[in-house]
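# Descriptive analysis of the structure
Here is what each chain is made of, one letter per residue.
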Amino acid sequence: EFDTALVQNPNLFEAYYFYGRVCHAQGKLLEAVRLFEKASLLCPEDYQALCLRGGTLIGLGKQAEGEASYRKGLEAACCECYATVRQHFDRLGL
């Protein structure tokens, strides 16, 4: 239960991140964006939350905001991860 985990520890990055992934998979995109945003605030060096937030925003038609989140994710990505993130970015034409 993600809600229980967040009540017990409202600063738990993993709960927000994985809850966001579940919401995304369930089609609850606005909730996923909110959860990815909170996760990225708690752990700004994590590129995945920022990139997932960006992709979700683009899927919701919020292109500029989504691109900005992707760019932040690229900046946060480590060298080994950069190529993977760049491939996703390129596929979206960003």
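Read on for a plain summary of the structure. (Residues numbered from 1 in each chain as written. Predicted model: local features only at pLDDT ≥ 70, side-chain atom pairs only at ≥ 80, totals over all residues. Heavy atoms only, no water.)

### Focus: the nonpolar core
- In this structure, Phe13, Tyr17 and Ala39 are the most contacted members of the largest nonpolar core, which totals 13 residues.
- Sorting the residues of this core by element identifies helix 2 (13-25) and helix 3 (29-42) as the ones contributing at least two each.
- A total of six residues in this core trace back to one element, the largest contributor, which is helix 2.
- When near neighbours in sequence (up to four residues on either side) are disregarded, alanine 39 contacts Phe13, Tyr16, Tyr17 and Ala49.
- By size, the runner-up hydrophobic cluster in this structure holds five residues, among which are Tyr47, Cys51, Ile58 and Ala77. (Core = buried A, V, L, I, M, F, W, Y, C linked by side-chain atoms within 4.5 Å. Buried < 20%, exposed > 50% of the residue type's maximum accessible area, 1.4 Å probe, protein only. Helix = DSSP H or I, 4+ residues; strand = E, 2+ residues; numbered from the N terminus. Contact = heavy atoms within 4.5 Å.)

### Topic: the side chain of threonine 56
- By the secondary structure assignment, threonine 56 is in helix 4 (residues 47-59).
- Among the polar contacts listed, one links the side chain of threonine 56 to the side chain of histidine 24, at a separation of 3.5 Å.
- Those residues in contact with threonine 56 that lie beyond four places of it in its chain are His24, Leu29, Ala32, Val33 and Phe36. (Polar contact = N/O pair within 3.5 Å; in protein donor to acceptor, adjacent residues only side chain to side chain.)

### Description of the packing of aromatic side chains
- Summed over all chains, the structure comprises four aromatic pairs.
- On the numbers, 5.0 Å between centres and 10° between planes, the contact of phenylalanine 2 with tyrosine 19 is stacked. Here phenylalanine 2, found in helix 1 (residues 2-8), pairs with tyrosine 19, found in helix 2; they are 17 residues apart in sequence, far enough to count as distant.
- Judged by centre distance (4.9 Å) and plane angle (80°), the ring pair of tyrosine 17 and phenylalanine 18 falls under edge-to-face.
- Classification of phenylalanine 18 by relative accessible area gives partly exposed; the value is 43%.
- Each member of the aromatic cluster is reached from another via a ring pair, and the members are Phe13, Tyr17, Phe18 and Phe36. (Phe/Tyr/Trp six-rings, centres within 6.5 Å; stacked < 30°, edge-to-face > 60°.)

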